[in-house]
Every structure is written in C-alpha cells, then in structure tokens.
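Fold and contact review
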Amino acid sequence: MGRTRETSEARQRILETADRLFYQDGLRAVGIDRIIAEAEVAKMSLYKHFPSKDDLILAVLKHREECAMAFFRSAMERHSKKAKNPLRAFFAALKDWFESPGFRGCAFQNVAVELADPAHPGSEFVRRHKQRFGEFLRNIVEETVGKAAAKVASAVALLVEGAIVTAVIQGSPDAADVARDAALKLVAEEKGA
C-alpha cells in the first residue's frame, strides 16, 4: 500500500512539474533532466510512469484538460450569481483566466504550434480536445438561448480562440470582453432570426 502511494505521488509530481514547465517554457525547451530535477524524482521513476517524452506530453495534455475544465466549471459557477446567463458567466471565467498569473495562452494551441506534426499523438489529442471544448461551448450557447442558436456555437468557439491569442499578444484581458460582446450579439441575432 505504501509503495503504491509513493508511486502515485511521484507520478503526480512529474505530471504537475512537466505541465508547469511545458506551459511556462514550451515543449522543446524543457528536457527530461529538468523535469526530473524539479520534480525531485529518479530518472527510473519518470521512465517507469512515462516511457518516452511523447508519453509524458500526452499525459500532461490529459491532465491539463481536466484542470482547465474544472477551472471553467468552478469559475462559471462563481460568476453565474452575477451574470445574466451562462454565456456571460463563461466569458467572465475566460477573463479570469486571462488575468491569472503566468498566463501564456492556451496550452493546447501552444502544443499544436510546437509539435507541427499533425500525426503526433499530442496533435491528435489537441484536435480532440478542441472538439470537446467546442461541444462544451455549444452546450453553453444552447443553455443561454436555446437549440436554435446552437448553430452559431462554432463561431463563438472561433471568437474564444481568437480572444486567447489576442490576450497573449496584447498582454491584456480585454479581448475577453470584445469576444463576449461579439458572441452575445451573434447569438441574439440568431435567436431573433
């Protein structure tokens, strides 16, 4: 029992350390030795859990997705008390993320750019993540204005993706407000159509 707990704690430390370093400095800039040193684990321990850097990248992406979705759900719940609808709550959560310390944009966008190879398992995971996130947004749009407006959910997702990139480039969270206003106008027009 104690051995399993140590193993799972070491795995979690490796995962959290790699996630932090990959997000902060990029996949290519971070080597396995740095992850081992900062996670304070033996090289054998890392390779026991993650046979290759690609395996680690994939595990980090899965971990990042779980954390990101938990963040959005929690922040949206917090904002839902003041927001007039779920879409407004989502954009308030988005702005919270943009204002968080160390914000470097979307880890999934960053990985897609860094990996470049569309056949890499990490690239494939990013595509599936973006589909799942698009579905999450579609559900928010439906909850806000009904199924009739759900067909604009893809456009709302593009507004979100663009807002993320703009927030990074400009170093300002204001892109969340611009995207929110455009998304609300878009869904209102579709609802009225």
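Everything here concerns the structure above.
We now turn to the structure provided with this report. (Residues numbered from 1 in each chain as written. Predicted model: local features only at pLDDT ≥ 70, side-chain atom pairs only at ≥ 80, totals over all residues. Heavy atoms only, no water.)

Describing the pattern of salt bridges
Counted under the stated rule, the structure contains 14 salt bridges. Between Arg78 and Asp96 there is a salt bridge; the shortest N-O distance is 2.7 Å. Taken together, the residues span a long stretch of sequence, with Arg78 in helix α4 (residues 53–79) and Asp96 in helix α5 (residues 86–98) at a distance of 18 residues. Across the pair Lys95 and Asp177 runs a salt bridge, and its minimum N-O distance is 2.6 Å. In this pair, Lys95 sits in helix α5 while Asp177 sits in helix α9 (residues 174–192), placing the two residues 82 residues apart along the sequence. Salt bridges linked by common partners bring Arg20, Asp25, Arg34 and Glu38 together as one network. (Salt bridge = Lys/Arg side-chain N within 4 Å of Asp/Glu carboxyl O. Helix = DSSP H or I, 4+ residues; strand = E, 2+ residues; numbered from the N terminus.)

A look at the layout of surface pockets
Volume-wise, the largest pocket comes out at about 320 Å³. Along its surface, the largest pocket is lined by 19 residues, and Arg64, Ala68, Phe71, Phe72 and Trp97 are the ones closest to its centre. Sorting the residues of the lining of the largest pocket by element identifies α4, α5, α6 (107–115), α7 (121–145) and α8 (153–170) as the ones contributing at least two each. Sorting elements by how many residues they give to the lining of the largest pocket places α4 first, with six residues. (1 Å grid on protein atoms, 1.4 Å probe; cavity = no way out; pocket = protein on both sides within 12 Å on 5 of 7 lines; lining within 4 Å. Points joined across faces, edges and corners; volume = space filled by probe spheres on them.)

A word on a positive patch on the surface
A cluster of basic residues, Arg11, Lys62, Arg127 and Arg128, forms a positive patch on the protein surface. By the element assignment, Arg11 lies in helix α1 (residues 2–25). Residue class for Arg11 comes out partly exposed when judged on its relative accessible area of 33%. (Patch = residues over 30% accessible without salt bridge, like charges linked within 9 Å, V, L, I, M, F, W, Y side chains within 5 Å. Areas by Shrake-Rupley, 256 points an atom, 1.4 Å probe, with all protein chains shown as cover. Lys, Arg positive; Asp, Glu negative; His and termini not counted. Charge placed at Lys NZ, Arg CZ, Asp CG, Glu CD. Buried < 20%, exposed > 50% of the residue type's maximum accessible area, 1.4 Å probe, protein only.)

Comments concerning the side chain of Glu65
Tracing the chain through its elements places Glu65 in helix α4. Judged by its relative accessible area of 13%, Glu65 falls in the buried class. At 2.8 Å, the side chain of Glu65 forms a polar contact with the side chain of His129. Polar contacts involving the side chain of Glu65 include one to the side chain of Arg132, which spans 2.8 Å. The residues contacting Glu65, other than those within four sequence positions of it, are Phe108, Phe125, His129 and Arg132. (Polar contact = N/O pair within 3.5 Å; in protein donor to acceptor, adjacent residues only side chain to side chain. Contact = heavy atoms within 4.5 Å.)

Some points on empty space enclosed by the protein
Unoccupied space between atoms shows up once a probe the size of one water molecule is rolled over them. If you walk through the whole model with that rule in mind, you get one cavity of 30 Å³ or more. Along its surface, the largest cavity is lined by 14 residues, and Phe22, Tyr23, Leu27, Ala107 and Val111 are the ones closest to its centre. At the level of elements, α1, α4 and α6 are the ones that each hand at least two residues to the lining of the largest cavity. Per-class residue counts for the lining of the largest cavity are eight nonpolar, two polar and four charged. (Nonpolar A, V, L, I, M, F, W, Y, C, P; charged D, E, K, R; others polar.)

Remember that the coordinates give geometry; whether it matters functionally is a separate question.
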